[in-house]
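Descriptive structure summary
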Number of protein chains: 2
Amino acid sequence: MARSLGRLFKGFHRLATLSPLKTLCHPQTGFSVRTTSERTLVQALSLPFFSKPRDFSLPNSSWGPEMMRMYEHYNSQCEVETEGGEKQRGPWRRLPSYNRIIKYATGGLYLSKIIQSKARLFTRNIRDTGAAFEYVLFINSEEKKCVCILQAGHLLEGPPGHVHGGAIATMIDTVLGTHATYLSGPVMTANLNINYRSPIPLGSTVLLESSLDKKEGRKTLLLCKVTSTDGSKLHTETTALFLSISISNLLLGG
Amino acid sequence: MARSLGRLFKGFHRLATLSPLKTLCHPQTGFSVRTTSERTLVQALSLPFFSKPRDFSLPNSSWGPEMMRMYEHYNSQCEVETEGGEKQRGPWRRLPSYNRIIKYATGGLYLSKIIQSKARLFTRNIRDTGAAFEYVLFINSEEKKCVCILQAGHLLEGPPGHVHGGAIATMIDTVLGTHATYLSGPVMTANLNINYRSPIPLGSTVLLESSLDKKEGRKTLLLCKVTSTDGSKLHTETTALFLSISISNLLLGG
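Residues numbered from 1 in each chain as written. Chains lettered and ligands numbered in written order. Predicted model: local features only at pLDDT ≥ 70, side-chain atom pairs only at ≥ 80, totals over all residues. Heavy atoms only, no water.

Take the overall build of chain A next. Along chain A, the regular secondary structure elements total seven helices and eleven strands. Across chain A, contacts joining residues at least 24 apart in sequence account for 64% of those joining residues at least 6 apart. Carbon and sulfur atoms make up 51% of the accessible area of chain A, which totals about 10,500 Å². (Helix = DSSP H or I, 4+ residues; strand = E, 2+ residues; numbered from the N terminus. Contact = heavy atoms within 4.5 Å. Areas by Shrake-Rupley, 256 points an atom, 1.4 Å probe, with all protein chains shown as cover.)

Moving on, we get to the pairing of strand β11 (residues 234–244) of chain B. All names here are of chain B. As judged from the nine bridges shared by strand β8 (residues 187–196) and β11, these two strands associate in the antiparallel manner. Across the sheet, the residue bridging to N193 is T239, located in β11. Turn length for the strand β10 (residues 219–228)-β11 hairpin, with the two strands adjacent in sequence and antiparallel, is five residues, and the turn residue G231 shows positive phi of about 80 degrees. (Pairing = 2+ DSSP bridges.)

Between helix α6 (residues 165–184) of chain A and helix α6 (residues 165–184) of chain B, the shortest axis-to-axis distance is 8 Å and the interhelical angle comes to 155 degrees. Taken together, the axes of α6(A) and α6(B) lie roughly antiparallel to each other. Judged by the sense of rotation from one axis to the other, the crossing of α6(A) with α6(B) is right-handed. Listed contacts from α6(B) to G165(A), G166(A), A167(A), A169(A), T170(A) and D173(A) of α6(A) are G165(B), G166(B), A167(B), A169(B), T170(B) and D173(B). (Axes fitted to C-alpha atoms, helices over the stretch in contact; angles between N-to-C directions. Parallel < 35°, antiparallel > 145°, perpendicular 65-115°, else oblique. Left-handed = near helix turned anticlockwise from the far one by under 90°.)

The full count for this structure, using the stated rule, is zero disulfides over all chains. In this model C224(B) remains outside any disulfide bridge; the closest cysteine sulfur is found in C148(B), 8.7 Å from its own. (Disulfide = S-S within 2.5 Å.)

So, about the packing of aromatic side chains. Across all of its chains, the model carries eleven aromatic pairs over all chains by this definition. Taking the centre distance of 5.7 Å and the plane angle of 90 degrees together, the rings of F133(A) and F122(B) count as edge-to-face. Residue F133(A) is located in strand β6 (residues 133–140), and its partner F122(B) is located in the loop between α5 (113–118) and β6 (133–140); the two belong to separate chains. Of the two residues, F133(A) and F122(B), neither departs from the other in class, the shared state being buried. (Phe/Tyr/Trp six-rings, centres within 6.5 Å; stacked < 30°, edge-to-face > 60°. Buried < 20%, exposed > 50% of the residue type's maximum accessible area, 1.4 Å probe, protein only.)

Below, the discussion takes up the pairing of strand β10 (residues 219–228) of chain A. A regular strand places its side chains on the two faces of the sheet in alternate fashion. All names here are of chain A. With respect to burial, β10 is a largely interior element, seven of its ten residues being buried. Counting the residues in the hairpin turn of strand β9 (residues 205–216) and β10 gives two residues, including G217, whose phi is positive at 60 degrees. Alignment of β10 against strand β11 (residues 234–244), held across nine bridges, turns out to be antiparallel. Among the inter-strand pairings, T220 is bridged to a residue of β11, identified as F242.

Attention shifts here to the confidence of the model for chain A. Note: predicted coordinates in regions of low pLDDT should not be interpreted at a detailed level. All names here are of chain A. On average, residues of chain A score 80 in pLDDT, and 72% of them reach the 70 mark or higher. In the model, residues 103–110 has pLDDT below 50 throughout and makes 13 contacts with residues more than four positions away in sequence or in other chains. A low-confidence stretch, residues 248–254 (pLDDT under 50), is modelled with 19 contacts involving residues beyond four sequence positions or located in other chains. What the predictor reports for the complex is a pTM of 0.82 with an ipTM of 0.82. (pLDDT = per-residue confidence, 0-100.)

All names here are of chain B. Residue placement: H235 occurs in strand β11. Reaching out from H235, the side chain makes a polar contact with the side chain of S198 at a distance of 3.1 Å. Beyond its immediate chain neighbours, meaning those up to four positions away, H235 contacts N195, Y196, R197, S198, P199, I200, V206, V226, T227 and S228. (Polar contact = N/O pair within 3.5 Å; in protein donor to acceptor, adjacent residues only side chain to side chain.)

Bringing α6(A) into the picture now. Residue and element names in this part refer to chain A. Over its 20 residues, α6 runs 28 Å from end to end, which matches the ideal 28 Å to within 8%, given 1.5 Å per residue. Counting buried positions along α6 yields 19 of 20 residues, so the element is predominantly enclosed. Where α6 ends, the next residue or the one after it, G185, has phi of about 80 degrees, a positive value. (Expected span 1.5 Å × (residues − 1).)

So, on to the side chain of N140(A). All names here are of chain A. Checked against the element boundaries, N140 lands in strand β6. The class for N140 is buried, based on a relative accessible area of 3%. In terms of polar contacts, N140 uses its side chain to reach the backbone amide nitrogen of E143, at 3.0 Å. Those residues in contact with N140 that sit more than four places away from it in its chain are P91, W92 and K145.

Let us now look at helix α4 (residues 65–75) of chain B. All names here are of chain B. Those residues of α4 that fall on the buried side of the exposure criterion are M67, M70, Y71 and Y74. Taken around the axis of α4, the buried residues stretch over an arc of 105 degrees, which confines them to a single face. In this structure, the buried residues of α4 make contact with β5 (93–95), β6, β7 (145–152) and β9 (205–216). (Arc of directions from axis to C-beta.)

Attention now moves to the pattern of salt bridges. Residue and element names in this part refer to chain B. Applying the stated rule across the entire model yields eight salt bridges over all chains. When the shortest N-O distance is used, the salt bridge between R197 and E237 registers 3.0 Å. Linking R197 in the loop between β8 and β9 with E237 in strand β11, this pair joins segments that are 40 residues apart in sequence. For R197, a relative accessible area of 31% gives the class partly exposed. Look at E237 and you get partly exposed, because its relative accessible area is 25%. The partner of E216 in a salt bridge is K214, and the shortest N-O contact between them spans 3.6 Å. On the accessibility criterion, E216 (40% relative accessible area) is partly exposed. (Salt bridge = Lys/Arg side-chain N within 4 Å of Asp/Glu carboxyl O.)

Attention now goes to the environment of S184(B). All names here are of chain B. Along the polypeptide, S184 turns up in helix α6. With relative accessibility at 21%, the residue S184 sits in the partly exposed group. A sequence separation of 27 residues divides S184 from S211, and the C-alpha atoms of the two residues are 13 Å apart. In this structure S184 touches K215, T220 and S244, once residues within four positions along its chain are discounted. Only 2.5 Å separates the side chain of S184 from the side chain of T220, close enough to count as a polar contact.

Structure (structure tokens):
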């Protein structure tokens, strides 16, 4: 997949030259990872249009008690108080989430303008809050870990009353892709090897935990478990490989 | 996943006793596979409500020329004419597709009535035709093959202008799950090992081809390639394992 990326991102060039980028972004997640600037990739690439995108990772009325409890558990560790009463950055950081990677990607010859203008991130393509994927990611730089709290809505059905295996794979790809980007810069998914252990009931809240296995050259290998929020029930286990792509490839199609 | 299935399908029991079932159905696909009766699982389990579900595998106005061309290629081989001018069943068969597995699954203790009544199959959860997954499956009993023609809509975005890796995984699980069910009866996904080779542009039509690797006891192992419709471009390669579950487990929760 990574080999074809030069062509894939050629459409970024013109926009990128308008506004020097200071962020990295996994192409399948819609999450941006701040490097030296607070501005996100989405914001930078949306400059000509000035609309502020909605951050889908913040609580809304569809979040149930378990989703809120887990959110508060991690969010409370994003900023901690020192003994002197000062506030400082904690071990975890919440990652914002948007429903577009970029508003105007040319995408080469094959994309119509209708598709370009209407395209939405797969995990954020349903307007009704609570109906599909409700999720938020937190990252821990020191421990090289990333967690995702997922509340699975009723439009994700596979087996009756339970979440589709593809919807689970989608969240795994999203979480691991974000984590790999954070660890290694721009990447593309090369392999997902998912073992399904027990089904996830629709409407339930689960935890996805990603950890670094190893880095070797262009390769970033990650592990992921999907469990109940208390960790007692294992739903899936995954190994994954992501391949780094150069920032010049990403931005200039070189 | 299969181990938890007894509990998962307990809700089927009462309905199943109302109408003896003659069909098998992969829980993640919404496709039913005829065995001795023409009635589908969906129809059988919807008996008390008498509404005829929409078959999503039939052409609609969003299907582009390539989707239609491929559909006609396989559909024309579903019924063939003999030398004597009689029509008879051909090597391929189109599989119908619905947006629910079952209308009233109890799902045990954890599902609210709202979730039960609103639940929709993940691959058919968007009302706008052409916006997400447009697909149709054909099966070839003799060659033990299954193909899926997929037109990927603008709401499946991952990398800008391209299909999300999770959306690809979703279709792979759907196609292989259907094929495994056809070959082995009721199954659950146990493993998906997906290698991503090149991205799929949004709006394009691709072919998913599933073939049987081997059967060993409860295990059905399948292979899947996702390619351009002319087969010249390889997008993904997958191996998958499905585990058989007994029909009594499926229907009676035994």
